[in-house]
Amino acid sequence: MRVGVVGATGVVGLEMLRVLEERAFPVDELRVYASPRSEGRKLPYAGREVTCETLRADGFDGLDLVIVDVDDHIAAEWAPVAAAAGAKVVDNSAAFRLDPDVPLVVTEINPDDLRHMPKGIASCPNCTTAVPVTAIAPLHRAAGLERMVVSTYQSVSGAGQSGLRELDEQWTKGDGRSDVLRRAGAIDGAITPGEVWDRPIAGNVIPQAGSPGELGYTSEDAPREPEDPPRRRVARDRHVCARARVRRSRRVRQPPLRPPDVEGRSGRAASGRARGATRRRR
Ligand SMILES: NC(=O)c1ccc[n+]([C@@H]2O[C@H](COP(=O)([O-])OP(=O)(O)OC[C@H]3O[C@@H](n4cnc5c(N)ncnc54)[C@H](OP(=O)(O)O)[C@@H]3O)[C@@H](O)[C@H]2O)c1
């Protein structure tokens, strides 16, 4: 298979290359893309090196699969270009997550949705969503999930290479001053803020993940139609997201589930209320 990775030098792109190699994905030809800053940069892959290209209108010709790991506005522009060139496109950004003509897929949950890709593009949920929904989906099928209250404390890696760099720089400046670092967010002037966040991220938890949106919510925490597949089967999904001072982390989710049916007691009444839920029998 001829594969392209867009944003290959980023946090997600580098991980993508690692996973493709680790899983021995059948890659006959690999092409990698990044910004003009990285043109010509060599990236290691499966014992050899691949050279970064910039994005060009004819740059995807001949590829079967293009994996897109760039910011939303770049993905929105270039994923359709790759699809128009004949590739199947998997987009990791938020650009197409709520597009009704783009399947939102977690392969452990709804792989069959990949059979219908009207735009030649499939989308993935955010990393804060994809992992927990693999656990929540079977519970949803069994018991019916009507509402989720979600609080996430996301690591700086979610802000990409620049987020990781900013934490590292502030951490390095405070080296040895653990008394200050532990409380840097609370001590005025202890650490100078960087460019990604207007407060120090070292020693801090900032209630902002994603870009600022409407009504004081960010792109990650707005109450919205859920991006979790199966997409519109859960009525409402409320996220509150914060960026925390760790490099990488998992987060907490609290899905309040209705108690599972007990056959013969409340079974019929409960299944009547559980829209979209199916009960598994063993
Ligand atoms: N980080 C996560 O945990 C995570 C998880 C799931 C999904 N995502 C999503 O995946 C996407 C990438 O995130 P990331 O964390 O990997 O970001 P990142 O570390 O900042 O990497 C961004 C990538 O985009 C490239 N890029 C920037 N401007 C470009 C341009 N004008 N043309 C072509 N390429 C350009 C960068 O290339 P240069 O190196 O040349 O600048 C780099 O390869 C985002 O949409 C993010 O929301 C992130």
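Quantities reported herein were computed from a predicted structural model and do not represent experimental measurements. (Residues numbered from 1 in each chain as written. Predicted model: local features only at pLDDT ≥ 70, side-chain atom pairs only at ≥ 80, totals over all residues.)

Q: Let's hear about the overall build of the chain: which residues, and what values?
A: Looking only at helices and strands, the chain has six helices and eleven strands in total. Expressed as a percentage of its 282 residues, the buried residues of the chain come to 31%. Across the chain, every contact between residues at least 6 apart in sequence was considered, and the portion connecting residues at least 24 apart equals 59%. (Helix = DSSP H or I, 4+ residues; strand = E, 2+ residues; numbered from the N terminus. Buried ≥ 20, exposed ≤ 12 C-beta atoms within 10 Å, placed from the backbone. Contact = placed C-beta atoms within 7 Å.)

Q: Break down the site of the ligand for me, with residues and values.
A: Around the ligand, the surrounding shell holds 26 residues, and the nearest of these are Gly10, Ser35, Ser38, Ser93 and Gly160. Secondary structure elements with two or more residues in the shell around the ligand: helix 1 (11-22), helix 2 (72-84) and helix 4 (160-173). When grouped by side-chain class, the residues that make up the shell around the ligand number eight nonpolar, 14 polar and four charged. Counting residues domain by domain, the shell around the ligand receives three or more from each of domain 1 (2-124) and domain 2 (129-254). (Near = placed C-beta within 6 Å. Nonpolar A, V, L, I, M, F, W, Y, C, P; charged D, E, K, R; others polar. Domains from an automatic or database assignment.)

Q: A description of helix 2 should follow, citing residues and the corresponding values.
A: Here helix 2 contains 13 residues, and its C-alpha end-to-end distance of 18 Å stays within 8% of the 18 Å for a straight helix at 1.5 Å per residue. Regarding helix 2, the residues found buried are Ala75, Trp78, Ala79 and Ala82. In the core, the buried residues of helix 2 are packed alongside strand 1 (2-6), strand 5 (65-68), strand 6 (88-91) and strand 7 (121-123). Where helix 2 terminates, the next one or two residues include glycine 86, which has phi positive at roughly 105°. (Expected span 1.5 Å × (residues − 1).)

Q: Quick one: what's the story with the nonpolar core, residue by residue and with numbers?
A: With 34 residues, the main nonpolar core has Val5, Val66, Val68, Ala79 and Val89 as its most contacted residues. Elements represented by at least two residues in this core include exactly strand 1, helix 1, strand 2 (29-33), strand 5, helix 2, strand 6 and strand 7. Among the elements that make up this core, the one with the highest residue count is helix 2 (four residues). Among the nonpolar cores identified, the runner-up in size contains nine residues, and Val156, Ala159, Ala190 and Ala202 belong to it. (Core = buried A, V, L, I, M, F, W, Y, C linked by C-beta atoms within 7 Å.)

Q: Requested: an account of the pairing of strand 1, with residues and values cited.
A: Where burial is concerned, most of strand 1 is hidden: four out of the five residues are buried. Relative to strand 2, strand 1 runs parallel, the two being bridged by five bridges. Within strand 2, the position partnered with valine 5 by the bridge is valine 32. Chirality of the crossover, the property in question, places the unit of strand 1, helix 1 and strand 2 among those that are right-handed. Bridge count between strand 1 and strand 5: four bridges; the pairing is parallel. (Pairing = 2+ DSSP bridges. Right-handed = clockwise from strand over helix to strand, strands pointing away.)

Q: Quick rundown of the pairing of strand 4 (residues 48-53)? Include the residues and the values.
A: Judged from the two bridges that link them, strand 2 and strand 4 form a sheet pairing that is parallel. Paired with valine 32 across the bridge in strand 4 is cysteine 52. Alignment of strand 3 (residues 42-45) against strand 4, held across four bridges, turns out to be antiparallel. By the bridge assignment, tyrosine 45 is partnered in strand 4 with arginine 48. Counted along the chain from strand 3 to the antiparallel partner strand 4, the turn is two residues long, and its residue alanine 46 has a positive phi close to 50°.

Q: Could you give an account of helix 3 (residues 127-143), with specific residues and numbers?
A: With 17 residues, helix 3 should cover 24 Å at 1.5 Å per step; its first-to-last C-alpha distance of 24 Å lies within 8% of that length. Of all the bends in helix 3, the largest measures some 45° and sits at valine 133. Packing partners of the buried residues in helix 3 comprise strand 8 (147-154). Within two residues after helix 3, glycine 144 carries a phi angle of roughly 85°, on the positive side. (Bend = angle between axes of the 7 residues up to and from the residue.)

Q: Lay out the sheet that holds strand 2 with the relevant residues and their values.
A: What the seven strands build is an open sheet, ordered 3-4-2-1-5-6-7; its pairing is mixed. For this open sheet the edge positions go to strand 3 and strand 7, each flanked by a neighbour on one side alone. Within this sheet the neighbouring strands show an average axis-to-axis angle of 25°, counted without direction. The strands that helix 2 touches are strand 1, strand 5, strand 6 and strand 7; relative to strand 6, the one it contacts most, it runs at about 160°. (Axes fitted to C-alpha atoms, helices over the stretch in contact; angles between N-to-C directions.)

Q: Help me get a handle on the environment of valine 70, residues and values and all.
A: Along the polypeptide, valine 70 turns up in the loop between strand 5 and helix 2. Remark: the alpha-carbon pair of valine 70 and aspartate 91, spanning 21 residues in sequence, is separated by 8.6 Å. Excluding residues that lie within four positions of it along the chain, valine 70 makes contacts with Val6, Gly7, Ala75 and Ser93.

Q: Could you give an account of the confidence of the model for the chain, with specific residues and numbers?
A: On average, residues of the chain carry a pLDDT of 80, and 78% of them reach 70 or more. Counting contacts from residues 229-239, a segment whose pLDDT is below 50, to residues more than four positions away or on other chains yields 35 contacts. Across residues 264-282 the pLDDT falls below 50, and counting only partners more than four positions away or on other chains, this stretch makes 21 contacts in the model. (pLDDT = per-residue confidence, 0-100.)

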